[in-house]
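Residue-level listing of the chains:
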Amino acid sequence: MPSSSLAAPFDVELPPGRPAMLRVDPPDDAARWAAEHREALRAQVTEHGALLVRGLGLRDAEQVGAVFARLSGGLVAEREAFAPREVRGPGLYSSTPWPANQPMCMHHELSYPLEVPGLLLFACLTAPEEGGATGVADAEEVLRALPAELTRRFEYEGWLLTRTYNDEIGASLKESFGTDDRDGIERYCRAGAIGFTWRSDGSLHTEQLRSAVVRHPVTGRRCWFNQIAFLNEWTLAPEVREYLVDEYGADSLPFNTRYGDGTAIGEDVVQLINTTYEEHTRREPWQAGDLMLVDNIRTAHSREPFTGDREVLVGMAEPLRLADGCPAEEASGR
């Protein structure tokens, strides 16, 4: 089995079809171990895009929060969430709620705010009986594999995220913007290049234009960085999509994506993107106590269907504003 020679003293396994893995003996103090090896671990993440650390024996949210803090230099609060999470500590969250029998397809976490998390941290406290892996896919490889004509259009136009907030589905206004005060929400939208409309029923509709292809801030290489397929209506289970269209209307779905010029994205395009992701997915079943570090710009991630209980905690860190993250700042006036 090949292994990485960089970022000594680690001997990292590179099993085919699986993320890079480091096996360690359980340390007496996982947080102190994380602080001592932070630079070497981060070098591995830079080299491979994601790193699974097995053997730390992470047991509870307090310990996970301490490890995440040592590895990241500080976690950040989530903003513009598409679904509510349970807060487990400062900057520490439960996984996004999603039906266990439905896959959560590949995406880059929070790729649509102007400031995006550069690093994701995952910790498994309870492994599912079956399935439930957090798959990863290299965004450089995915970009090369997608049809050039498609990626050129998205690179030129960007992608448009539309959201309509309601009291039933998705994150609330306060969960998404940090406030439910109308003036505060409008200030946030203006600062974040988000077009907004208050509808007659009091609901908020937003649009934000973002780049689909960005350059990695460290390597300079081009990455397919977006949530075009993940937040599109055609990724939903057919019965869920039908219900949402009937309930809210095709133009008022809780979230949807379009080409940058506002044109609808066809089901065939969404399926092509998801199929390409699947062809480049690396996966390893979770074991209780596992830690995974993910470069959020270079590496997309997913959550696969599962049975049994599954508890994976999430942290986000190293916020950055990509130089090419917003193709048109005037999007706030859409």
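A.B. asks: How would you summarise the overall build of the chain if you had to cite specific residues and measurements?
C.D. replies: When helices and strands are counted, the chain shows nine helices and 21 strands. In terms of overall dimensions, the chain is globule-like: its C-alpha atoms have a radius of gyration of 20 Å, near the 20 Å expected for 334 residues. Seen through its C-alpha atoms, the chain measures out along the principal axes to roughly 60 × 40 × 35 Å. In the chain, which comprises 334 residues, the share counted as buried stands at 54%. Counting only contacts in the chain whose residues sit at least 6 apart along the sequence, the fraction spanning at least 24 positions is 80%. Total accessible area on the chain is roughly 14,600 Å²; 47% of this is exposed by carbon and sulfur atoms. Looking at charge distribution, the chain has the averaged site of its 33 positive side-chain charges lying 4 Å from that of its 53 negative ones.

A.B. asks: Mind laying out the sheet that holds strand E10 (residues 136–138), listing which residues take part and the relevant values?
C.D. replies: Think of a sheet as strands paired side by side through backbone hydrogen bonds, with each pair either parallel or antiparallel. With antiparallel pairing, four strands are arranged side by side in an open sheet as E7-E19-E10-E17. Every interior strand has two partners, whereas the edge strands, strand E7 (104–107) and strand E17 (281–282), have only one. In this structure, E7 lies alongside strand E19 (residues 299–303), joined through two bridges in antiparallel fashion. By the bridge assignment, His 107 is partnered in E19 with His 301.

A.B. asks: Account for the packing of helix H2 (residues 38–48) against helix H3 (residues 61–72), naming residues and giving values.
C.D. replies: Remark: H2 packs on H3, axes separated minimally by 9 Å, with the N-to-C direction vectors making an angle of 75°. Considering the angle they form, H2 stands roughly perpendicular to H3. For the pair H2 and H3, contact is made by Arg 38, Leu 41 and Arg 42 and by Arg 70, Leu 71 and Ser 72, respectively. A breakdown of the residues in the contact of H2 with H3 according to their chemical character gives two nonpolar, one polar and three charged.

A.B. asks: So what's going on with the state of the cysteines? Residues and values would help.
C.D. replies: Counted according to the given criterion, the structure contains zero disulfides. In this structure Cys 223 is not part of a disulfide, and its nearest cysteine sulfur, from Cys 105, lies 18 Å away.

A.B. asks: Now, about the pattern of salt bridges: what can you tell me, with residues and values included?
C.D. replies: Here the structure, examined in full by the defined rule, presents 19 salt bridges. Among the ionic pairs, Glu 284 bridges to Arg 54, the shortest N-O distance being 2.9 Å. Residue Glu 284 is found in the loop between E17 and strand E18 (291–295), and its partner Arg 54 is found in strand E4 (residues 50–54); the two are separated by 230 residues along the sequence. Considered together, Glu 284 and Arg 54 belong to a single accessibility category, that of buried residues. Glu 155 is paired through a salt bridge with Arg 222; the nearest N and O atoms lie 2.7 Å apart.

A.B. asks: Can you break down the packing of aromatic side chains residue by residue, with the values?
C.D. replies: Under the definition given, this model contains eight aromatic pairs. Ring plane angle 75° and centroid distance 5.8 Å describe the contact between Phe 154 and Trp 224, whose orientation is recorded as edge-to-face. Of this pair, Phe 154 sits in helix H5 (residues 148–157) while Trp 224 sits in strand E15 (residues 222–224), and the two are 70 residues apart along the sequence. An identical accessibility class is assigned to Phe 154 and Trp 224; each is buried. One aromatic cluster is present, formed by Phe 82, Trp 98, Phe 230 and Phe 255 through successive ring pairs.

A.B. asks: Let's hear about unusual backbone geometry: which residues, and what values?
C.D. replies: Keep in mind that most residues, glycine aside, have a negative phi and that most peptide bonds are trans. One non-glycine residue, Glu 80, lies in positive phi territory at about 65°. Position of Glu 80 relative to the elements: it lies in the loop between H3 and strand E5 (87–89).

A.B. asks: I'd like a rundown of helix H9 (residues 267–279), residues and numbers included.
C.D. replies: Between its first and last C-alpha atoms H9 spans 18 Å; for 13 residues at 1.5 Å apiece the expected length is 18 Å, and the two agree. All buried positions along H9 are accounted for by Val 269, Val 270, Ile 273, Thr 276 and Tyr 277. Summarising the axial view, the buried residues of H9 lie within an arc of 130°, below the 170-degree limit, and thus occupy one face. More than 90 degrees from the buried face of H9, the exposed residues found are Asp 268 and Glu 279.

A.B. asks: So what's going on with the nonpolar core? Residues and values would help.
C.D. replies: If you look at the biggest cluster of nonpolar residues, it comprises 44 residues, and the most contacted ones within it are Phe 122, Phe 154, Trp 224, Ile 228, Ile 273 and Tyr 277. Contact partners of Tyr 277, with chain neighbours within four places excluded, come to Met 106, His 108, Ala 137, Val 142, Trp 224 and Ala 300. Among the nonpolar cores identified, the runner-up in size contains 30 residues, and Ala 31, Leu 51, Val 53 and Leu 58 belong to it.

A.B. asks: Describe the sheet that holds strand E13 (residues 204–210), with residues and values.
C.D. replies: Reading across the sheet, the four strands line up as E12-E13-E11-E16 and stay open at both edges, with antiparallel pairing between neighbours. Strand pairing shows two members of the sheet lacking a second neighbour, strand E12 (195–198) and strand E16 (255–259), which therefore form its edges. Going from strand to strand, the sheet's axes swing by 15° on average, the running direction of each strand aside. One ladder, built from four bridges, connects E12 with E13; its direction is antiparallel. Within the sheet, the bridge partner assigned to Thr 197 lies in E13 and is His 205. In this fold helix H7 (residues 182–191) packs onto E12 and E13, with an angle of close to 155° to the strand it touches most, E12.

Parameters at a glance
Residues numbered from 1 in each chain as written. Predicted model: local features only at pLDDT ≥ 70, side-chain atom pairs only at ≥ 80, totals over all residues. Heavy atoms only, no water. Helix = DSSP H or I, 4+ residues; strand = E, 2+ residues; numbered from the N terminus. Rg over C-alpha atoms; globule rule 2.2 N^0.38 Å. Buried < 20%, exposed > 50% of the residue type's maximum accessible area, 1.4 Å probe, protein only. Contact = heavy atoms within 4.5 Å. Areas by Shrake-Rupley, 256 points an atom, 1.4 Å probe, with all protein chains shown as cover. Lys, Arg positive; Asp, Glu negative; His and termini not counted. Charge placed at Lys NZ, Arg CZ, Asp CG, Glu CD. Pairing = 2+ DSSP bridges. Axes fitted to C-alpha atoms, helices over the stretch in contact; angles between N-to-C directions. Parallel < 35°, antiparallel > 145°, perpendicular 65-115°, else oblique. Nonpolar A, V, L, I, M, F, W, Y, C, P; charged D, E, K, R; others polar. Disulfide = S-S within 2.5 Å. Salt bridge = Lys/Arg side-chain N within 4 Å of Asp/Glu carboxyl O. Phe/Tyr/Trp six-rings, centres within 6.5 Å; stacked < 30°, edge-to-face > 60°. Expected span 1.5 Å × (residues − 1). Arc of directions from axis to C-beta. Core = buried A, V, L, I, M, F, W, Y, C linked by side-chain atoms within 4.5 Å.

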